[in-house]
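# Residue-level structural notes
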Amino acid sequence: MREVVCHKEDIHPGKMRSATLGKIPVVVCRTKDGEFYAFANRCLHQGAPLSEGVLCGDTKRTDIHGNYEYIKDGEILRCPWHALEYDIKNDGAMLAEPDKKLRSFQVMIEDDQVVVYK
């Protein structure tokens, strides 16, 4: 199964949009470096529509006490209901429990169109 969801330019880097793959609701994300990813548009916790959340980053501790470094900008998908976070470049792994992952789908760019495959 395949579905053309939009033109490449319709999703700006660091943004996302909802779409469908047949009857499956999906969220298509575009990282700030221009890569596309697609996942089931439901949070693993209580089924919130992830497309209503945000793409953001994460913090990492530094060697200086109390200082943090902002990392993965535009690569973390945050749920709108309870702020669970998923690493879109790591197969949709939940940050808090990396063994739990969003259902993912293959994304290809064909003639400037974003195509999602099951």
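What comes next is a walk through the structure. (Residues numbered from 1 in each chain as written. Predicted model: local features only at pLDDT ≥ 70, side-chain atom pairs only at ≥ 80, totals over all residues. Heavy atoms only, no water.)

## Describing the environment of Arg17
Note the following rule: Under the DSSP-based scheme used, a helix requires at least four consecutive residues in state H or I and a strand at least two consecutive residues in state E, with every element numbered from the N terminus. Any residue under 20% of the maximum accessible area for its type is buried, any over 50% is exposed, and the rest in between are partly exposed; the area is computed with a 1.4 Å probe on protein chains only. Contacts are residue-level and defined by heavy atoms, with any inter-residue pair within 4.5 Å sufficient.
Tracing the sequence through the fold places Arg17 in strand S2 (residues 15-21). Its relative accessible area of 32% is what places Arg17 among the partly exposed residues. As for Arg17 and Val27, which are separated by 10 residues in sequence, their C-alpha atoms are 5.7 Å apart. Not counting the four nearest positions on each side in its chain, Arg17 is found in contact with Cys6, Asp10, Ile11, Val26, Val27, Val28 and Ser51.

## Brief notes about the sheet that holds strand S1 (residues 2-7)
Put simply, the rule is: Any two strands with at least two DSSP bridges between them are considered paired. For helices, the fitted line uses only the C-alpha atoms of the stretch in contact; every axis is such a line through C-alpha atoms, and the angle between N-to-C directions lies from 0 to 180 degrees.
In space, the six strands of this open sheet follow the order S1-S10-S9-S4-S3-S2, with antiparallel pairing throughout. Of all strands in the sheet, those bounded by a partner on one side alone are S1 and S2. Each neighbouring strand pair of the sheet contributes to a mean axis angle of 30°, computed without reference to strand direction. As defined by bridge partners, S1 adjoins strand S10 (residues 113-117) across five bridges and the pair is classed as antiparallel. When the bridges of S10 are listed, Glu3 appears paired with Val116.

## Digging into the pattern of salt bridges
Condition: By definition, a salt bridge exists where a carboxyl oxygen of Asp or Glu is found within 4 Å of a side-chain nitrogen of Lys or Arg.
Applying the stated criterion to the full structure yields 10 salt bridges. When the shortest N-O distance is used, the salt bridge between Lys89 and Asp33 registers 2.6 Å. Here Asp33 lies in the loop between strand S3 (24-30) and strand S4 (36-40) and Lys89 lies in the loop between strand S7 (85-87) and strand S8 (93-94), a separation of 56 residues in the sequence. Residue classification places Lys89 among the partly exposed positions, given a relative accessible area of 31%. For Asp33, a relative accessible area of 47% corresponds to the partly exposed category. When salt bridges that share partners are traced, they join Asp33, Glu35, Glu75 and Lys89 into one network.

These values are about where atoms sit, not about what they do.
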